Amino acid sequence: MTMFMHNKRLQYTVRVSEPNPVLASLLLEQFGGPDGELAAAMRYFTQGLAEEDPGRKDLLLDIATEELSHLEVIGSIVAMLNKGAKGQLAEAALSEADLYMSLTRGGDSHTQALLYGGGPALTNSSGVPWTAAYVDCRGEPTADLRSNIAAESRAKIIYERLINITDDPGIKDALGFLMTREVAHQKSFEKALYAIEPNFPTGKLPADPKFADVYYNMSQGDGDASGPWNSGDNWQVVSEREDQAAVDGGDGLASVKLPAKDTKVLANLAKRTESAPDGDPITGADLGAGPGAGSTTPVAK
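Residues numbered from 1 in each chain as written. Predicted model: local features only at pLDDT ≥ 70, side-chain atom pairs only at ≥ 80, totals over all residues. Heavy atoms only, no water.

1. What to know about the overall build of the protein chain
In step 1: Scanning the protein chain for helices and strands turns up twelve helices and two strands.
In step 2: Beginning at the N terminus, the succession of helices and strands in the protein chain can be written as α-α-α-α-α-α-α-α-α-α-β-β-α-α.
In step 3: Taken across its 301 residues, the protein chain has 32% of its residues classed as buried.
In step 4: Counted over contacts in the protein chain with a minimum sequence separation of 6, partners at least 24 positions apart contribute 69%.
In step 5: With the model as given, the accessible surface of the protein chain reaches about 19,700 Å², and the carbon-plus-sulfur share is 57%. (Helix = DSSP H or I, 4+ residues; strand = E, 2+ residues; numbered from the N terminus. Buried < 20%, exposed > 50% of the residue type's maximum accessible area, 1.4 Å probe, protein only. Contact = heavy atoms within 4.5 Å. Areas by Shrake-Rupley, 256 points an atom, 1.4 Å probe, with all protein chains shown as cover.)

2. With respect to the packing of aromatic side chains
In step 1: The full count for this structure, using the stated rule, is five aromatic pairs.
In step 2: Judged by centre distance (6.2 Å) and plane angle (85°), the rings of Trp130 and Tyr134 are edge-to-face.
In step 3: Ring centres 6.2 Å apart and planes at 80° place the aromatic pair Tyr215 and Trp235 in the edge-to-face group. Linking Tyr215 in strand β1 (residues 214-216) with Trp235 in the loop between β1 and β2 (236-238), this pair joins segments that are 20 residues apart in sequence.
In step 4: The partly exposed category is assigned to Trp235, whose relative accessible area is 30%. (Phe/Tyr/Trp six-rings, centres within 6.5 Å; stacked < 30°, edge-to-face > 60°.)

3. Description of the side chain of Thr142
In step 1: Mapped onto the secondary structure, Thr142 falls in helix α8 (residues 141-164).
In step 2: For Thr142, the side chain forms a polar contact with the side chain of Glu140, separated by 2.8 Å.
In step 3: Dropping the residues within four chain positions of it, Thr142 is found in contact with Leu193, Ile196, Asn199, Thr202 and Gly203. (Polar contact = N/O pair within 3.5 Å; in protein donor to acceptor, adjacent residues only side chain to side chain.)

4. A closer look at unusual backbone geometry
In step 1: A cis amide bond, omega -10°, links Glu197 with the succeeding residue Pro198.
In step 2: Residue placement: Pro198 occurs in the loop between α9 (169-194) and α10 (209-212).
In step 3: Across the junction of Phe200 and Pro201, the peptide omega takes the value -5°, indicating a cis bond.
In step 4: For Pro201, the location among the structural elements is in the loop between α9 and α10.

5. A word on the environment of Leu193
In step 1: In this structure, Leu193 sits in helix α9.
In step 2: Residue classification places Leu193 among the buried positions, given a relative accessible area of 2%.
In step 3: In this structure, the C-alpha to C-alpha distance between Leu193 and Arg146, residues 47 residues apart in sequence, is 7.5 Å.
In step 4: For Leu193, the residues in contact, after removing those within four places along its chain, are Thr142, Leu145, Arg146, Ile149 and Asn199.

6. A few points about the environment of Ile171
In step 1: As for its placement among the helices and strands, Ile171 is situated in helix α9.
In step 2: Classification of Ile171 by relative accessible area gives buried; the value is 1%.
In step 3: Expressed as a C-alpha distance, the spacing of Ile171 and Ser17, which sit 154 residues apart in the sequence, is 8.2 Å.
In step 4: For Ile171, the contacting residues outside a window of four places in its chain are Arg15, Val16, Leu23, Ile77, Leu81 and Thr166.

7. Here we look at the nonpolar core
In step 1: Core analysis: the largest hydrophobic core is formed by 23 residues, its most contacted members being Leu27, Ile74, Ile77, Leu81, Tyr159, Leu175 and Leu178.
In step 2: When contributions to this core are tallied by element, the ones reaching two or more residues are α1 (21-27), α4 (54-81), α8 and α9.
In step 3: If sequence neighbours within four positions are ignored, Leu81 has contacts with Val16, Glu18, Pro19, Asn20, Pro21, Leu23, Ala24, Leu27 and Ile171.
In step 4: Among the nonpolar cores identified, the runner-up in size contains 14 residues, and Ala40, Leu59, Leu60 and Leu193 belong to it. (Core = buried A, V, L, I, M, F, W, Y, C linked by side-chain atoms within 4.5 Å.)

8. Re α4
In step 1: The end-to-end C-alpha distance of α4 is 41 Å, a good match for the 40 Å that 28 residues give at a rise of 1.5 Å each.
In step 2: For α4, the side-chain oxygen to backbone nitrogen distance between the N-cap and Gly55 is 3.1 Å, and the N-cap itself is Asp53. (Expected span 1.5 Å × (residues − 1).)

9. Here we look at the confidence of the model for the protein chain
Regions with low pLDDT should not have their predicted coordinates read in detail.
In step 1: The share of residues in the protein chain with pLDDT of 70 or more is 83%, and the mean pLDDT across the chain is 87.
In step 2: Between residues 88-95, whose pLDDT stays under 50, and residues either more than four places distant or in other chains, the model counts eleven contacts. (pLDDT = per-residue confidence, 0-100.)

10. Digging into a nonpolar patch on the surface
In step 1: A grouping of Val256, Leu258, Leu266 and Leu269 is seen on the molecular surface, where their side chains present a nonpolar patch of about 350 Å² in accessible area.
In step 2: Assignment of secondary structure puts Leu266 in helix α11 (residues 260-272).
In step 3: Among the residues examined, Leu266 registers a relative accessible area of 44% and is labelled partly exposed. (Patch = residues over 30% accessible without salt bridge, like charges linked within 9 Å, V, L, I, M, F, W, Y side chains within 5 Å. Salt bridge = Lys/Arg side-chain N within 4 Å of Asp/Glu carboxyl O.)

11. Overview of the pattern of salt bridges
In step 1: Taken as a whole, this structure holds seven salt bridges when the rule is applied.
In step 2: Of the charged contacts, one joins Asp35 and Arg154 as a salt bridge, the two residues approaching to 2.8 Å between their closest N and O atoms. Here Asp35 is found in the loop between α2 (29-32) and α3 (37-50), whereas its partner Arg154 is found in helix α8, with 119 residues between them in sequence.
In step 3: With its nearest N and O atoms 3.0 Å apart, the salt bridge here joins Glu51 to Arg56.
In step 4: Judged by relative accessible area, which is 12%, Glu51 ranks as buried.

Quick look at the structure:
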């Protein structure tokens, strides 16, 4: 049978010491943000469903399902942090002034409370709705696995920052678990990537050897640096400006072969819109410039 079975027990126990709507709004970054758990789950599910290799397919669907369990953990933390505000808002338990102050202490907590009743919303920490544009699959394993490794790395950094802004031991503990699982997933994706031999460059077509090992030193001046990324036997460094243009041996200009009818139409367009370089028309800048009309700086006397 192909189906999802939900277990009501969380993958990791959630213990929240006290309500904190502001922290809840910040934690939404990992609920509905670009590096959050929903984006990860959808990224790996779409990759897994299209995967031809049985080992990678199993890996991707396993991790995708686990990411949904992580979404549940983060969403539960957000819901617990909003419990107090949810009740106060729904039942008007505080005076108007106190209720207003409790909802506007920072972050996006007021939006979360008013629009979503304190529940976890599929938004990031700024209230921007989740979008499928966060799912950046290309259907090429060597490209997608590298993207997955980067996504897990970014998510770990976000979890580190979230851990640093709370002193709630239960939340720190749960976030530490989620952060650690990002590391485990990164390891799995790296192993899967290097199980493909060769895995670089991505795709099937080879790189053009005339340009694959060339480093163009395009930004020159103070701060120029050398390292394994641009020096050694693997690289040919090109620093001369003249050698950085028209590297294909052509003239470096853009051209197109047009049918005669298009050439005539374009000639008419160029004639109609040509400028007069020898003229100096009076413009609004001249009329509005005041003393020293036509110049934006004072005229020397």
